[in-house]
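This is what each chain is made of:
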Amino acid sequence: MEIVGDLVRLRTATVDDVPRVIEILTSPSVAEWWGDYTVEKLEKELKDPKTHHFVIEVDGRSIGFIQWWEEPEPEFRHAGIDIALADSVQDKGLGTDAVRTLARHVTREVGHHRVTIDPAAANTRAIRCYEKVGFKRVGVMRSYGRRPDGSWYDGLLMDLLADELE
Ligand SMILES: CC(C)(COP(=O)(O)OP(=O)(O)OC[C@H]1O[C@@H](n2cnc3c(N)ncnc32)[C@H](O)[C@@H]1OP(=O)(O)O)[C@@H](O)C(=O)NCCC(=O)NCCS
């Protein structure tokens, strides 16, 4: 599947993308927020049918990874998004376009009314990026995630309702 944004193109990730995606996820500025990643872990995640994984492309180059998953229970139905961009392409507006493009897809094509995203509370660049898309701060989730060294960090729950999206 392909989803075309203003700046980026999202295409379904396959096992052939694993080496490049691992290179992106293990680079220092991504690993700081995504934790430890191995080929085995990524290959297992790509096989999970509940999550939809995409490579982010610009001019045919693979520059990032983005995925969405859904809570299927009818009473709580919603989607969630995660994203990582290669070091060299951060801070150029590409993350905002990729998240906006995928959020449009899950609301307009898949039919979700609400999308969540959960950056570390200290990840101020990610929070700013998601606010540009229209996500709102819901609240801090204390000791939400675990770092590779075993320590816990706070997360920020953010959400977006379909009619808040440009
Ligand atoms: C987070 C990420 C997806 C954002 O994508 P991006 O393309 O770099 O972001 P954009 O350029 O679209 O927007 C970044 C915004 O944050 C601002 N910013 C940059 N560094 C910042 C910082 N340390 N604190 C606050 N804002 C910051 C930029 O100025 C820009 O805002 P502006 O357009 O108002 O000037 C990308 O940087 C990334 O993948 N980072 C590493 C992995 C990661 O953190 N993933 C998210 C985990 S939840």
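Note that the structure is predicted; figures quoted are calculated from it, not measured.

Trainee: What's the story with unusual backbone geometry in this structure? I'm lost.
Mentor: Comment: phi is negative for the bulk of residues other than glycine, and the bulk of peptide bonds are trans. The residue Asp59 is not glycine, and still its phi comes out positive at about 50°. For Asp59, a relative accessible area of 76% corresponds to the exposed category. Although it is not a glycine, Ser143 adopts a positive phi angle of roughly 45°.

Trainee: I keep staring at the site of the ligand and nothing clicks. Help me out?
Mentor: Around the ligand lies a shell of 23 residues, among which Leu85, Asp91, Gly95, Thr96 and Lys132 are the nearest. The contact in question runs from an oxygen atom of the ligand to an N or O atom on the side chain of Arg125, over 3.2 Å. Its atoms largely coinciding with the cavity grid, the ligand occupies the largest pocket. Where the shell around the ligand is concerned, the elements lending two or more residues are α2 (28-34), β5 (78-85), α4 (94-109) and α5 (124-133). In terms of residue count, α5 provides more of the shell around the ligand than any other element does, seven residues in total.

Trainee: Whenever I open this one, the environment of Lys136 confuses me. Can you help?
Mentor: Following the sequence through the fold, Lys136 ends up in strand β7 (residues 136-146). Looking at Lys136, the relative accessible area reads 47%, which means it is partly exposed. Distance in space between the C-alpha atoms of Lys136 and Val4 is 24 Å, their sequence separation being 132 residues. With near-sequence residues (within four places) excluded, Lys136 lies in contact with Leu157, Met158, Asp159 and Glu164.

Trainee: Hey, could you run me through the layout of surface pockets in this one?
Mentor: To find the voids left in a structure, one rolls a probe of water-molecule size over its atoms. Counted as a void, the largest pocket has a volume near 1,100 Å³. Trp33, Trp34, Ile83, Asn123 and Tyr130 are, among the 45 residues lining the largest pocket, the residues nearest its centre. Breaking the lining of the largest pocket down by element, the ones donating at least two residues are α2, α3 (39-46), β3 (51-58), β5, α4, α5, β7 and β8 (152-161). The class makeup of the residues in the lining of the largest pocket is 20 nonpolar, ten polar and 15 charged.

Trainee: How should I be thinking about the environment of Glu166 in this particular structure?
Mentor: Structurally, Glu166 is set in the segment after β8. Taking the C-alpha atoms as reference, Glu166 lies 34 Å from Lys44; in sequence the two are 122 residues apart. When neighbours within four sequence positions are excluded, Glu166 is seen to be in contact with Arg100, Arg104 and Arg108.

Trainee: Any chance you could explain the pairing of β3 here in plain terms?
Mentor: Taken residue by residue, a regular strand's side chains alternate between the two faces of the sheet. The element β3 is largely enclosed, with a buried count of seven among its eight residues. As paired elements, strand β2 (residues 9-12) and β3 share four bridges and run antiparallel to each other. Counterpart to Leu10 in the pairing with β3 is Ile56. Linking two consecutive strands that pair antiparallel, namely β3 and strand β4 (residues 61-71), is a turn of two residues; a positive phi of about 50° is found at Asp59 within it.

Trainee: How should I be thinking about the sheet that holds β7 in this particular structure?
Mentor: Within a beta sheet, neighbouring strands are joined by backbone hydrogen bonds and run either parallel or antiparallel to one another. Pairing in this open sheet of eight strands is mixed, and the strands run β1-β2-β3-β4-β5-β6-β8-β7 from one edge to the other. The sheet terminates laterally at β1 (2-4) and β7, the two strands that pair on one side only. Adjacent strand axes in the sheet meet at a mean angle of 25° when their direction is disregarded.

Trainee: Just checking my understanding: could you explain the side chain of Thr51 for this structure?
Mentor: Relative to the assigned elements, Thr51 resides in strand β3. Residue Thr51 is classed as buried on the basis of its relative accessible area, which comes to 16%. Setting aside anything within four residues of it in sequence, one finds Thr51 in contact with Gln67, Trp68 and Trp69.

About the criteria used
- Residues numbered from 1 in each chain as written.
- Predicted model: local features only at pLDDT ≥ 70, side-chain atom pairs only at ≥ 80, totals over all residues.
- Heavy atoms only, no water.
- Buried < 20%, exposed > 50% of the residue type's maximum accessible area, 1.4 Å probe, protein only.
- Near = heavy atom within 4 Å.
- Polar contact = N/O pair within 3.5 Å; in protein donor to acceptor, adjacent residues only side chain to side chain.
- 1 Å grid on protein atoms, 1.4 Å probe; cavity = no way out; pocket = protein on both sides within 12 Å on 5 of 7 lines; lining within 4 Å.
- Sits in = over half its atoms within 2 Å of the grid points.
- Helix = DSSP H or I, 4+ residues; strand = E, 2+ residues; numbered from the N terminus.
- Contact = heavy atoms within 4.5 Å.
- Points joined across faces, edges and corners; volume = space filled by probe spheres on them.
- Nonpolar A, V, L, I, M, F, W, Y, C, P; charged D, E, K, R; others polar.
- Pairing = 2+ DSSP bridges.
- Axes fitted to C-alpha atoms, helices over the stretch in contact; angles between N-to-C directions.

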